[in-house]
Amino acid sequence: MEGAPSRVGPSVSALPVAPRAPWPWLTPRGPHCCLSRTLLLLWLSVASARGVTQSPESCQAFQSANGSSILCHQPAEFPGLLPADTAHLAVEFSNLTELPAAALRGAPGLRELHLSSNRLEKLSPGLLLPVPGLRVLDLTRNALAALPPGLFQASAALHTLVLKENRLEAVRAPWLRGLEALEILDLSGNRLRALPPGLLANLSALRALDLGDNRLEALPPDLLRGPRALQRLHLEGNRLRALAEALLAPQPALRVLYLNDNKLAALPAGAFRGLKELDMLDLSNNLLAGAPAGLWAALGKPSREMEHGFDISSNPWLCDGNLGDLCHWLLANKDRMFSQNDTRCAGPEAVRGRRLLGVAGPAKADVGGPKLPVGAGLPGFCS
C-alpha cells in the first residue's frame, strides 16, 4: 500500500532448482538502468518454462553451486528468513519506504543487493553490517534524500554503488567512508548542486564516476584527487560554466569523458593536458565559441588515434583566425568526429551556418550553409 511501513514477510521457500547466469556487471551509462527489469523477465520466463511457480510472497528462489538467488517482484513485504547461502537478492518495484534494520541478518554471504524502483526514503545505519562481503549495491530509482553516516563501515569489499535517480541534493564525504575497494560510483539523476572538497579522497580504487544529470554549476578543484586510475567520468547534463585547469590532471589514465549538455563557454588551455589515453570526449551542446591554443595537444593525432571519437557539435563556434589550432586538429582527426553536420560556424557572417570542417578544409558545398565561390574559405582560419 502507498506509504505503508516496512514489514518483514514470511520466509522464502526453496523452489525447484533453476539454472542462472552470473549477474551482469554494472557499468555507468551502460545498460545497467534496465538490467534488473530485463533479468526479472528473463528469469521468470525460464522459471515458467520449467514449471516453476511464483510463491505467494512474489519471490522466487534460484539455486546454484554459488549460492541462492532470491528475486522479489512487487512484494508487499521484505522477505524474511533468507536462505543462509543467499548470494544475490533483488527486491524491486515495491511500495516499501524503509527496510527492517535486521533485513539482511542470516545471509552473511550476500554478494549483490538490488533494491531498485522501490520508494525507500531512508536506510538504517547498520543495514549492511551483516553482509561484509557485499560487492554490488543498486539503489536506483528510490526516494533517498540522504545516507546515514556509517552505512558502509563494514563494506570494504563493495565494488559497485548505484544511487542513480534518487532525491539527493547534497553528498557528504563521510557517507563514503569504508569503501576502499569501490570501483564504480553512480550518483547520476539526482539534485546535486555542489560537491564537498575531498569527496573521493578515500576512494583510491575508483575507476568510473557518474555525476551526470544533476544541477552542478561548479566542481571543487580537488574532486579527482584520491582515485589512482579513474577511467570513465560522466559530467553531462549539469550546469557547469567552467572547469579548473588542473581538475583532470590527477587522472592521466582517463579514457572516457562526457561534458556535453552543460553551459561551458570557455575551457582553459591546459584542461586536457596529460590525458594521452583519452578515447572518447563529448563537448556537444555547450556555449563554446573558441578554444585556446594548446587545448587539443594531448588528444588524438599526431600522437595516437582516439579509439571511440569526439563530439563538439551544437556549440556557437566563431570560425576566425583564433580557431586555427582547433582547425588543424580537426583535419588530423576528422575520421573520429561525431555529428559533423551539426558542428557549424555561428560567425563571422560570411561563414555563418557552414560546417566547421567545410570551412577548415578545402572549400565545398555545405548542406544548410551559404554557397561560397570555390576557394572562398575564411582567410586565416586554418593558417
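Here goes a summary of the coordinates provided. (Residues numbered from 1 in each chain as written. Predicted model: local features only at pLDDT ≥ 70, side-chain atom pairs only at ≥ 80, totals over all residues. Heavy atoms only, no water.)

## Some remarks on the overall build of the protein
Under the convention used in this document: Strands are runs of DSSP state E lasting at least two residues, helices are runs of H or I lasting at least four, and both sets are numbered from the N terminus onward. Contacts are residue-level and defined by heavy atoms, with any inter-residue pair within 4.5 Å sufficient. In these tables, accessible area is a Shrake-Rupley quantity obtained with a 1.4 Å probe, and a residue counts as shielded only by the protein chains included in the view.
Along the backbone of the protein there are three helices and 16 strands. Considering only contacts within the protein whose residues lie at least 6 apart along the sequence, 57% involve residues at least 24 apart. Carbon and sulfur atoms make up 55% of the accessible area of the protein, which amounts to about 16,200 Å² in all.

## Brief notes about the nonpolar core
As a reminder of what qualifies: Here, nonpolar core refers to any group of buried Ala, Val, Leu, Ile, Met, Phe, Trp, Tyr and Cys residues whose side-chain atoms link them within 4.5 Å. Each residue is assigned to one of three classes by its accessible area relative to the maximum for its type, calculated with a 1.4 Å probe on protein chains only: buried under 20%, partly exposed between the two thresholds, exposed over 50%.
Judged by nonpolar contacts, the single largest core of 89 residues is most densely connected at Phe 272 and Trp 296. Taken together, the elements giving at least two residues each to this core come down to strand E2 (59-64), strand E3 (67-73), strand E5 (86-92), helix H2 (324-333) and helix H3 (356-360). Sequence-distant contacts of Trp 296, that is, excluding residues within four places in its chain, are made with Phe 272, Leu 281, Leu 283, Ala 291, Ile 312, Asp 325, Leu 326 and Trp 329.

## A few points about the pairing of E2
Threshold: Here, strands pair whenever DSSP counts at least two bridges between them.
One ladder, built from six bridges, connects E2 with E3; its direction is antiparallel. The residue of E3 that forms the bridge with Gln 63 is Ser 68. Between E2 and E3, which pair antiparallel and follow one another directly, the connecting turn spans two residues.

## Points about the sheet that holds strand E6 (residues 112-114)
Our working definition: Fitting a line to C-alpha atoms yields each axis, with helices limited to the stretch in contact; the angle taken between N-to-C directions then spans 0 to 180 degrees.
Here we have 12 strands laid out as an open sheet, ordered E2-E3-E5-E6-E7-E8-E9-E10-E11-E12-E13-E14, and mixed in their pairing. Every interior strand has two partners, whereas the edge strands, E2 and strand E14 (309-311), have only one. Averaged over neighbouring strand pairs, the angle between their axes works out to 5 degrees when direction is ignored. The pairing of strand E9 (residues 184-186) with strand E10 (residues 208-210) spans three bridges and is classified as parallel. Within E10, the position partnered with Ile 184 by the bridge is Ala 208.

## What about the packing of aromatic side chains?
Geometrically, a pair of aromatic rings is defined through the distance of the ring centres and the angle of the planes. Here is the rule: Geometry of aromatic contacts follows a simple scheme: Phe, Tyr and Trp rings, the Trp one being its six-membered ring, pair when their centres are within 6.5 Å, and the pair is stacked under 30 degrees between planes, edge-to-face over 60, tilted otherwise.
Applying the stated criterion to the full structure yields three aromatic pairs. Where Phe 272 meets Trp 296, the ring centres are 6.3 Å apart and the plane angle is 45 degrees; that geometry is what we call tilted. Of this pair, Phe 272 sits in the loop between strand E12 (256-258) and strand E13 (280-282) while Trp 296 sits in the loop between E13 and E14, and the two are 24 residues apart along the sequence. Given the relative accessible area of 0%, Phe 272 is considered buried.

## Some points on a positive patch on the surface
Rule in force here: Patch definition: residues above 30% relative accessible area lacking any salt bridge, with like charges linked at up to 9 Å and the nonpolar side chains Val, Leu, Ile, Met, Phe, Trp and Tyr linked at up to 5 Å. A pairing counts as a salt bridge when a side-chain nitrogen of Lys or Arg comes within 4 Å of a carboxyl oxygen of Asp or Glu. A residue counts as positive if it is Lys or Arg and as negative if it is Asp or Glu; His and the chain ends are not included. The atom standing in for a charge is NZ when the residue is Lys, CZ when it is Arg, CG when it is Asp and CD when it is Glu.
Taken together, the side chains of Arg 193, Arg 239, Arg 241 and Lys 263 define a basic patch exposed on the protein surface. Tracing the backbone through its elements, the reader meets Arg 241 in the loop between strand E11 (232-234) and E12.

## Brief notes about H2
Within the span of H2, buried status applies to Gly 324, Leu 326, Cys 327, Trp 329, Leu 330 and Asn 333. Those residues of H2 hidden inside the fold are in contact with E14, strand E15 (317-318) and H3.

## Section: the side chain of Ser 68
Just so we agree on the cut-off: As used in this structure description, the phrase polar contact means that two N or O atoms lie within 3.5 Å; if the pair is within protein, one of them must be able to donate a hydrogen and the other to accept it, and residues adjacent in sequence are counted only when both atoms belong to side chains.
Tracing the backbone through its elements, the reader meets Ser 68 in strand E3. Polar contacts involving the side chain of Ser 68 include one to the side chain of Asp 85, which spans 2.8 Å. The contact partners of Ser 68, leaving out residues within four places of it in the chain, are Phe 62, Gln 63, Pro 83, Asp 85, Thr 86, Ala 87 and His 88.

## Notes on the state of the cysteines
Note the following rule: When two cysteine sulfur atoms lie within 2.5 Å, the pair is treated as a disulfide.
Within this structure, the stated rule accounts for two disulfides. Here Cys 59 connects covalently by a disulfide to Cys 72, the sulfurs 2.0 Å from one another. On the sign convention where negative means left-handed, the S-S torsion of about 110 degrees between Cys 59 and Cys 72 marks this disulfide as right-handed. Placement of Cys 59 in strand E2 and of Cys 72 in strand E3 is noted, with a sequence separation of 13 residues between them. The two residues Cys 59 and Cys 72 agree in class, both being buried. The partner cysteine of Cys 319 in its disulfide is Cys 345, sulfur to sulfur 2.0 Å. What sets the handedness of the Cys 319 and Cys 345 disulfide is the S-S torsion sign, and at about -95 degrees it is left-handed. In this pair, Cys 319 is assigned in the loop between E15 and H2 and Cys 345 in strand E16 (residues 345-347), connecting sequence segments 26 residues apart. Like Cys 319, the residue Cys 345 is buried in the burial classification.

The values are spatial; any link to function lies outside them.
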